[in-house]
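Listed below, chain by chain, are the residues.
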Amino acid sequence: MTVRFTLNGAPVSVECAGSRRLLDTLREDLGKTGTKEGCGEGECGACSVLIDGEVVDSCLVAVGQIEGRNVVTVEGLAGPDGKLSRLQQAFIEHGAAQCGICTPGMLLAAHVLLQRTLPPSADDVREGLAGNLCRCTGYTKIIEAVLSCTT
Amino acid sequence: MCPAPVTAVGRSVPRREGADKVTGRARYTDDIAVSGSWYGRTIRSTIARGAIRSITLNPAFDWSRVVVVTADDIPGDNVVQLIRDDQPVLAPQGGEIKHREEPILLLAAPDRATLEEAAGQIRIEYELANPVFEIGSATEVFSAVEITKGDVASAQRTAHLVVEREFRVGLQEQLYIEPQGAIAFPEADGVIRVVGSLQCPYYVHRALKRALKLSDQQAVVVQAETGGGFGGKEEYPSIVVVHAALLARKAGRPVRLIYDRHEDLAATTKRHPGVIRHRTGVKRDGTLVYQDIEIVLDGGAYCTLTPVVLSRAAIHAAGAYSCPHVRIRARAVATNTPPNGAFRGFGAPQSLLAAELMVEHVAERLGMSSVDLRRKWMLRVGDTTATGQVLTESVGSTLVLDAALKAAPHVGTSERRHVRRGRGLSLVFHGSGFTGSGEKKLQGTIGFEALADGTFRILTASTEIGQGTKTIFCQLAADALGVELDKVTLAPQDTSLVPDSGPTVASRTAMIVGRLVQEAALEIKERLQHERPPLRVEKSYMQPDSIHWDEATYRGDAYPVYAWACTIADVDVDITTGEVRVTDLVTAVDCGKALHPVMAEGQIEGGCLQAVGWATIEEIKMKDGGYQNDRLATYLIPTALDAPRICTILVENPYSRGPFGAKGIGELPMDGPAPAIIAAIHNATGVWLDEVPATPEKVLEALGAQS
């Protein structure tokens, strides 16, 4: 089937089985490999994307479900000129990215949190990122990075 | 002489590959698109022990679009190159199966659907044999170590109090968030190039050469951006890479072999479980008289790195303390479970958990504060370790203990009626660099170039796995040269370009290889006084004359130096559910010199949380020699909500042979939290657990036994 949706602000159209995982379509059909697969069953959050502003595990979403919807991946966070967002910059400065494999999903979850809860407390940040596993940082630097964007 | 114009060392400069990682540009193995590549898959044993009687491919299935690799397709030795030649690349027909998930066949197909279908068309029949699952019933010993200091037998008569205790430690999965994976490319002149998620390019290079019978030049191993390792990508990638290469060779096209999480959890190496028994004798005033320690680790079905893990476990078993009479008897045994292997800490977390809890038990029996007892016992400059090593410098025991105690907040009581709050402390040390003669034998090498355009390039096989190698090496070189940081670059971790700097393991990269980078940069700087670029130098590790180690007797300088940590854990224990929540960790770490403070803290915080997981929730349940909870839905690691607040204090206590004084600290944070948490649970509830993880079931059972 043909599925049309908005990806990082631009319209896209893909030909594939409607049951194909959004994760695979993004990575393999559209070349957006910033979205990672960590577990394939919605536990780790490495494949997090935004669908109409909600954080969703793209490994659990069938492409057929996103017709007409608005999808944002990590590639859509920087400005059109490539300028890093404040949050991306904060992740670098605070050491919130180590191996970096959870970073795309973590950034998207934090991005939504910062849009919804202002200013978030450290506990709000923990709650907001609880669906995204990181094995490198102990989360401390990630929480610091997110909190640094609230002032 | 004008002073160096810039200093990069000690500043938290932006991570080299940071922008790539926050934009999604960084290319991990599975992100690399290769047109025409096929998908690979491993067919594994479903039994723990036996022999393969027959392998049948369903004749009704169309196999023309599938490549099947068996042990017969291996051109070289059917051996995974490491320490002992016991592990086959693929179990041969008629050969013995020693564990569940043992690789038997490899498949490749142009698409995932065909691959999946083909996997269902294979029947393997086995001759079953009796498996061994328990340490107690194991008969095969992979290795044994005995460390003797003084005379425990006669010292026993002089102790006023003897405390005995047995501790158990469980399996733990590294759980890097990027699963194992590799892509193999068959190229001209018999070259096989492999790109993969790995820590040690030259381990993989040796394994590839041996199994595929390739020359040094024909085997090319390239590290892709790697999504975490923690030891899990030290030796296991040799298997993934060799499998991918065998498939690519037979298919005559690139093959990608990427594990899913289930396969990764079910088949790859774990932290060694084990049993550690202590007998400690003291005088009435707490003076330490002797320590008699026995360690048994479960190596699983094949040797992997087990003897080296056992060695580190044994050397750290007496803890950070000075004892005149020590006997440590350690052995690692074989069971029919998937092989255990490298995992951050490498045996030391297991033996240090026991050593630290013993301090608590002895202090309790003496009616003394365990902090005071640690001050009485702990190693200081001039003291001698269990292997007879005299500590001559950079001994941070007092510094870290004082710093942690000073920073720890007041412990209150919980407002919730069923919750008991408690605090525990640990003091640990961890040897930086390879054990014993390891560095001397290895002679890690780097290259360093001054290029014609005025920039400099570091050539090293040391990998970036999140810990900051790329950034730190450039900082070291820039400061040694006295140039701006952006004048230094790093060559790719590709065995056709860079020399063997040794594996990225053992808390050795910043300290051992970093020192080579510093020395090479200084030499280049010197030569540039009277020569013009391009210039190239190579530097190999030279063992200082002052380091002596006797492998036969286990006497001498076990490590060039030790890093030290004191960790204070605060826990809330819900006495109705048994749930342990670690609320706060304060950890003071003697790192010698923090080359990049933010990254050093990040390493410590991540290691601490991995240890919190090991101590509280990360439990692997075994059934019939396999892991029952081999999915991320059932093997749980701490989330941001579970993680304690972590306060890290970097204590700088320079080491004369480290680059700018730095010591390795990659593994150290894995050692301290677990014993501190178990002590905190006791402080909160009055019960002593003798094992990790302290799951709710075990805590409730202990509370039940107490009342």
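**Some remarks on the sheet that holds strand 20 (residues 535–540) of chain B**
All names here are of chain B.
In step 1: With respect to topology, 4 strands assemble into an open sheet ordered 19-18-17-20, the strand pairing being mixed. Lying at the two open borders of the sheet, with one neighbouring strand each, are strand 19 (488–490) and strand 20. Mean inter-strand twist for the sheet, computed between neighbouring axes without regard to direction, equals 20°.
In step 2: Relative to the sheet, helix 12 (residues 469–481) contacts strand 18 (456–459) and strand 19, its axis offset from that of strand 19 by approximately 145°.

**Side note on the nonpolar core**
All names here are of chain B.
In step 1: Leu208, Ala244, Leu247, Ala477 and Ile677 are the most contacted members of the largest nonpolar core, which has 272 residues in total.
In step 2: In terms of residue count, the dominant contributor to this core is helix 5 (residues 236–251) (11 residues).
In step 3: Discounting chain neighbours no more than four positions away, the residues touching Ala244 are Gly40, Ala182, Ile183, Ala184, Val194, Val255 and Leu257.

**Some thoughts on the domain arrangement of chain B**
All names here are of chain B.
In step 1: Each domain of chain B was delimited in the assignment, giving domain 1 (18–28 + 438–540), domain 2 (34–130 + 175–267) and domain 3 (274–435 + 552–706).
In step 2: Placing the centre of domain 1 and that of domain 3 at their C-alpha centroids yields a distance of 32 Å.
In step 3: In this assembly, 19 residues from domain 1 lie in contact with 21 residues from domain 3.
In step 4: Looking at the side of domain 1 that touches domain 3, the elements with two or more residues in it are helix 11 (438–442), helix 12 and helix 13 (509–527).

**Brief notes about the interface of chain A and chain B**
In step 1: Facing 43 residues of chain A, the contacting portion of chain B comprises 41 residues.
In step 2: Within the side of chain A that touches chain B, the residues separate by chemical class into 20 nonpolar, 14 polar and 9 charged.

**Concerning the domain arrangement of chain A**
The parts lose accessible area when they come together, and the size of an interface is often stated as this lost area.
Residue and element names in this part refer to chain A.
In step 1: You can read the domains of chain A as domain 1 (2–76) and domain 2 (86–147).
In step 2: Computed from C-alpha coordinates alone, the two centres of domain 1 and domain 2 are separated by 21 Å.
In step 3: Taken together, the 13 residues of domain 1 in the interface contact 11 residues of domain 2.
In step 4: Classifying every residue of the side of domain 1 that touches domain 2 gives 7 nonpolar, 5 polar and 1 charged.

**Quick notes on helix 12 of chain B**
In step 1: With 13 residues, helix 12 of chain B ought to run about 18 Å at 1.5 Å a step, and its terminal C-alpha atoms sit 18 Å apart, in line with that.
In step 2: Across the 13 residues that make up helix 12 of chain B, a large majority, 13, are buried.

**Regarding unusual backbone geometry**
Residues and elements named next belong to chain B.
In step 1: That bond from Pro533 to Pro534 is cis: its omega, 5°, falls within 30 degrees of zero.
In step 2: Tracing the chain through its elements places Pro534 in the loop between helix 13 and strand 20.
In step 3: Phi angles above zero are rare outside glycine, and Gln443 is one such case at about 45°.
In step 4: Within the fold, Gln443 resides in the loop between helix 11 and strand 17 (445–450).
In step 5: Residue class for Gln443 comes out partly exposed when judged on the 13 C-beta atoms lying within 10 Å of it.

**Some points on the sheet that holds strand 1 (residues 38–44) of chain B**
Where strands meet in a sheet, backbone hydrogen bonds hold them as pairs that are either parallel or antiparallel.
All names here are of chain B.
In step 1: The 7 strands lie next to each other as 3-5-1-12-9-10-11, forming an open sheet whose pairing is mixed. Each end of this open sheet is capped by a strand with a single partner; those strands are strand 3 (67–69) and strand 11 (219–223). For this sheet the average axis-to-axis angle between neighbouring strands, irrespective of direction, equals 25°.
In step 2: Alignment of strand 10 (residues 192–196) against strand 11, held across 5 bridges, turns out to be parallel. Residue pairing for strand 11: Gly196 is matched across the bridge by Gln223.
In step 3: The strands touched by helix 4 (residues 201–212) within the sheet are strand 10 and strand 11, with strand 11 carrying the most contacts at an inclination of about 150°.
In step 4: Sheet strands in contact with helix 5 are strand 1, strand 3, strand 5 (103–109), strand 9 (181–186), strand 10, strand 11 and strand 12 (255–258), and its direction is about 35° off that of strand 9.

How each quantity is defined
Here the residue numbers are simple positions, counted from 1 along each chain's written sequence. Key to labels: chains lettered from A, ligands numbered from 1, both in the order written. Only residues with pLDDT of at least 70 get local features here, since the model is predicted, and only at 80 or more are side-chain atom pairs given and counted; chain-wide, interface and lining totals rely on the full set of residues. If DSSP finds at least two bridges between two strands, the strands pair. Under the DSSP-based scheme used, a helix requires at least four consecutive residues in state H or I and a strand at least two consecutive residues in state E, with every element numbered from the N terminus. Lines fitted to C-alpha atoms define the axes here, with helix axes fitted over just the stretch in contact, and angles between the N-to-C directions of these axes take values from 0 to 180 degrees. By the convention adopted here, residues are in contact when the distance between their C-beta atoms, placed from the backbone, does not exceed 7 Å. Nonpolar core, as used here: buried Ala, Val, Leu, Ile, Met, Phe, Trp, Tyr and Cys residues forming one set through C-beta atoms within 7 Å. Remark: C-beta atoms are placed from the backbone, and a residue is labelled buried if 20 or more other C-beta atoms sit within 10 Å of its own, exposed if 12 or fewer do, or partly exposed between those counts. All domain edges in this entry derive from an automatic or database-based domain assignment. In this classification, the charged set is Asp, Glu, Lys and Arg, the nonpolar set is Ala, Val, Leu, Ile, Met, Phe, Trp, Tyr, Cys and Pro, and all remaining amino acids, among them Gly, are polar. Any helix carries an expected span of 1.5 Å times its number of residues minus one.

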